[in-house]
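# Coordinate analysis (summary)
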Amino acid sequence: QVQLAESGGGLVQPGGSLLLSCVGSGRNFDVLQMNWYRQALGKQREWVARINNGYRTNYTDSVKGRFTTFRDNSKNTVYLRMNNLNPEDTAVYYCHTKIGNWDYWGQGTQVTVSS
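Below is a short write-up of the structure. Computed from a predicted structure; not experimentally measured.

### Describing the overall build of the protein chain
Regarding its fold elements, the protein chain presents 0 helices and 11 strands. Listed by position from the N terminus, the elements making up the protein chain come as β-β-β-β-β-β-β-β-β-β-β. Whereas a compact globule of 115 residues would reach a radius of gyration of roughly 13 Å, the protein chain reaches 13 Å, a difference of no more than 12%. Projected onto its principal axes, the C-alpha positions of the protein chain cover 40 × 25 × 20 Å. Buried residues in the protein chain amount to 42% of all 115 residues. In the protein chain, once contacts between residues fewer than 6 apart in sequence are set aside, the share between residues at least 24 apart is 50%. For the protein chain, the accessible area works out to roughly 6,400 Å², and carbon and sulfur atoms hold 45% of it. Of the side-chain charges in the protein chain, 12 are positive and 8 negative, and the distance between the mean point of each set is 3 Å.

Shown next as structure tokens:
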């Protein structure tokens, strides 16, 4: 079992940057594949990025070249660096992992991109 907690969201102007963090509880965090999702108001939750236990990363096309996910296993933390933000990035951002048949989600952190 694992508990996840995101932080780092906020209001940022177009073109700005934010760094989201997701801290996981429990042992064996380093073996977990971690995902980032987001959900905009009135829209379905969409996958954004993932990092596996070998530090390999993947991104959805709309964020490639702008977002970077990385992890610090000594801190049980995964990060999402978001650069060149635009209003379409406004959403609640969640971190996620799956252990067996169980999905684990954080509570989410709001990111608002607006001038």
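### What about the packing of aromatic side chains?
One pass over the full model with this rule turns up 3 aromatic pairs. On the numbers, 4.9 Å between centres and 20° between planes, the contact of F70 with Y79 is stacked. A centroid spacing of 6.3 Å and a plane angle of 90° characterise the contact between Y94 and W105, whose relative ring orientation is edge-to-face. You can see Y94 sitting in strand β9 (residues 91-99) and its partner W105 sitting in strand β10 (residues 102-105), a full 11 residues away along the chain. A relative accessible area of 34% places W105 in the partly exposed class. Each residue in the set Y37, Y94 and W105 is aromatic and connected to the rest through ring pairs, giving one cluster. Above the ring of Y94, the side-chain terminus of R45 is found at 3.8 Å from the ring centroid.

### Examining the nonpolar core
Counting 26 residues, the largest nonpolar core has M34, W36, F67, L80, M82 and Y93 as its most contacted members. Mapped onto this core, the elements with two or more residues apiece are β3 (18-24), β4 (34-39), β5 (46-51), β8 (77-82), β9 and β11 (109-113). For M34, the residues in contact, after removing those within four places along its chain, are L4, C22, F29, A49, R50, I51, R71, V78, H96 and T97.

Cut-offs applied
In this convention, every chain numbers its residues from 1, walking through the sequence in written order. Owing to the predicted nature of the model, reporting of local features is limited to residues with pLDDT of at least 70; listing and counting of side-chain atom pairs is limited to 80 or more, with chain, interface and lining totals taken over all residues. With hydrogens and water excluded, all non-hydrogen atoms of the structure serve as input to the side-chain values. Secondary structure elements are defined from DSSP: runs of H or I of at least 4 residues count as helices, runs of E of at least 2 residues count as strands, and each element is numbered from the N terminus. We compute the radius of gyration from the C-alpha atoms alone; for a globule the expected value is 2.2 Å times N to the 0.38, where N is the number of residues. Using a 1.4 Å probe on the protein chains alone, a residue whose accessible area is under 20% of its type maximum counts as buried, one over 50% counts as exposed, and one in between counts as partly exposed. For this analysis, residues touch if any pair of their heavy atoms sits within 4.5 Å. Accessible surface is estimated by sampling points in the Shrake-Rupley manner with a 1.4 Å probe; for residues, cover comes only from the protein chains shown. All tallies of charge rest on Lys and Arg as positive and Asp and Glu as negative; His and the ends of each chain are not included. Working definition for charges: the position is that of NZ of Lys, CZ of Arg, CG of Asp or CD of Glu. Note on ring pairs: Phe, Tyr and Trp rings are taken, using the six-membered ring of Trp, and paired if centres are within 6.5 Å. Classes follow the plane angle, with under 30 degrees stacked, over 60 edge-to-face and the rest tilted. Here, a charge over a ring is recorded when the distance from Lys NZ or Arg CZ to the ring centre is within 6 Å and its angle to the ring normal is within 35 degrees. Buried Ala, Val, Leu, Ile, Met, Phe, Trp, Tyr and Cys residues that are joined via side-chain atoms within 4.5 Å together make up what is termed a nonpolar core.

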